[in-house]
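Structural overview
Each chain, letter by letter, is given below.
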Amino acid sequence: MTSVTVEYYAQLREQAGQGRETITSDADSLAALYGELRQRHGFRLDIAQLKVAVNAQFRDWQQAFADGDLIVFIPPVAGG
Amino acid sequence: MSRVTIAAQPVDTNTLRKALQQPGCGGFCVFEGWVRETNEGREVSGLDYEAYNELAIGEGERIIDEAVQRFGIADARCAHRVGSLAVGDTAVWIGVVSPHRDEAFRACRYIIDQVKQRLPIWKKEHYLVGESSWVACAHAPADEHDHAHQG
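Bear in mind the structure is a predicted one, so any value in this text is a computation, not a measurement. (Residues numbered from 1 in each chain as written. Chains lettered and ligands numbered in written order. Predicted model: local features only at pLDDT ≥ 70, side-chain atom pairs only at ≥ 80, totals over all residues. Heavy atoms only, no water.)

1. Structural notes on the interface of chain A and chain B
The cut-off we apply is this: The contact rule is simple, with two residues in contact once any of their heavy atoms fall within 4.5 Å. Buried area counts how much accessible surface, traced with a 1.4 Å probe, disappears from two parts once they are put together, with both parts' losses summed. The term salt bridge refers to a side-chain nitrogen of Lys or Arg lying within 4 Å of a carboxyl oxygen of Asp or Glu. Identification of polar contacts relies on pairs of N or O atoms within 3.5 Å, with a donor-acceptor requirement for protein atoms, meaning one able to donate a hydrogen and the other able to accept it, and with residues adjacent in sequence counted only if both atoms are side-chain atoms. Each helix corresponds to a stretch of at least 4 residues labelled H or I by DSSP, and each strand to a stretch of at least 2 residues labelled E; elements are numbered beginning at the N terminus.
Chain A puts 23 residues into the contact, and the matching count from chain B is 27 residues. In terms of surface lost to chain B, no three residues of chain A exceed V77, A78 and G80 of chain A, which account for 32% of the buried area on that side. Summed over the shared surface of chain A and chain B, the number is two salt bridges. Linking E50 of chain B and R13 of chain A is a salt bridge whose minimum nitrogen-to-oxygen distance equals 2.4 Å. At the surface where chain A touches chain B, the tally comes to eleven residue pairs in polar contact (both at pLDDT 80 or more). Secondary structure elements with two or more residues in the side of chain A that touches chain B: α1 (10-16), β3 (51-54), β4 (57-59) and β5 (70-74) of chain A. Per-element tally for the side of chain A that touches chain B: the top contributor is α1 of chain A, with four residues.

Put into structure tokens, the structure is as follows:
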């Protein structure tokens, strides 16, 4: 099991009912982790609509993650 | 000092402007994005911005590096507000300096376009009538459809 911190923003934060949580998971990729959390929190956004960052760097969905990582799923952005 | 600021309070743009002034530069180009009173036909009363600050600053720095490489500008700054904004408030400020005006104009345009597409910043609009909603702009640079709130 790997222990990571996940931060939520925008609609993901509202749907999760929290901005941040520390979780343990045996998911073998970031995509699989999102799948687990989507089921738990009822996230409506599909993975195709998101990006993912680990420790403030964009990553591929198929990459794994390590103990202590900070993982952020990035909903469609709207700056400017 | 970081060239990118994510600000919870109104930004002193005069300070940003002064930080960019240098004797080798004859061109200064600025873009300000303001909160507009309508978006896609709906009357807007205000909006909330939130950002993933660390990644927004890192990605903003990369965008400015790209602008320096592509256009040969001398320097640039970007400030983006977070928090609650009202109609007329400045949401984003981009300033670019270069020896001559042409590269300053082009780099300024490049930076604001990339900022809108790439910075992890989210906007929830509040309307005079109806429920507030998160505005979805594009992740992909190829998407030319403009959901832009201003500019």
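Picking up where we left off.
2. Quick word on the packing of aromatic side chains
To keep things clear, this is the line we draw: Only Phe, Tyr and Trp rings take part, Trp by its six-membered ring, and two of them pair if their centres are within 6.5 Å. Stacked means planes under 30 degrees apart, edge-to-face means over 60, and tilted covers everything else. Using a 1.4 Å probe on the protein chains alone, a residue whose accessible area is under 20% of its type maximum counts as buried, one over 50% counts as exposed, and one in between counts as partly exposed. Charge-over-ring placement is defined geometrically: NZ (Lys) or CZ (Arg) within 6 Å of the ring centre, and within 35 degrees of the ring normal.
Under the criterion given, the structure shown has nine aromatic pairs over all chains. Taken together, a centroid distance of 5.9 Å and an interplanar angle of 5° make the contact between W61 of chain A and F73 of chain A stacked. Here W61 of chain A is found in the loop between β4 and β5, whereas its partner F73 of chain A is found in strand β5, with twelve residues between them in sequence. Ring plane angle 40° and centroid distance 6.4 Å describe the contact between F28 of chain B and W93 of chain B, whose orientation is recorded as tilted. One end of the pair, F28 of chain B, is in strand β2 (residues 27-34); the other, W93 of chain B, is in strand β7 (residues 90-98), with 65 residues separating them in the sequence. Judged by its relative accessible area of 34%, F28 of chain B falls in the partly exposed class. The class of W93 of chain B is buried, set by a relative accessible area of 4%. Through pairs of rings, three or more aromatic residues link up here, namely Y8, Y34, F43, W61 and F73 of chain A. Over the ring of F58 of chain A we find K51 of chain A, and its NZ or CZ is 5.3 Å from the ring centre. Above the plane of the ring of Y127 of chain B lies R42 of chain B, whose end atom (NZ or CZ) is 3.8 Å from the centre.

3. Side note on the sheet that holds strand β1 (residues 2-7) of chain A
For clarity, the threshold we go by: A pair of strands is treated as paired once DSSP finds two or more bridges between them. Every axis corresponds to a line fitted to the C-alpha atoms, with the helix fit spanning only the stretch in contact, and the corresponding angles, defined between N-to-C directions, vary from 0 to 180 degrees.
Read across the open sheet, the five strands follow the order β2-β1-β5-β3-β4 (chain A); overall the sheet is mixed. Two strands in the sheet have a free side with no partner beyond their single neighbour: β2 (20-25) and β4 of chain A. Sheet twist, expressed as the mean angle between neighbouring strand axes with direction ignored, is 35°. For β1 of chain A and β2 of chain A, the ladder comprises six bridges, and the chain directions are antiparallel. Paired with T2 of chain A across the strands is S25 of chain A, a residue of β2 of chain A. Sitting on the sheet, helix α2 (residues 53-71) of chain B is in contact with β3, β4 and β5 of chain A, with an inclination near 90° to β4 of chain A.

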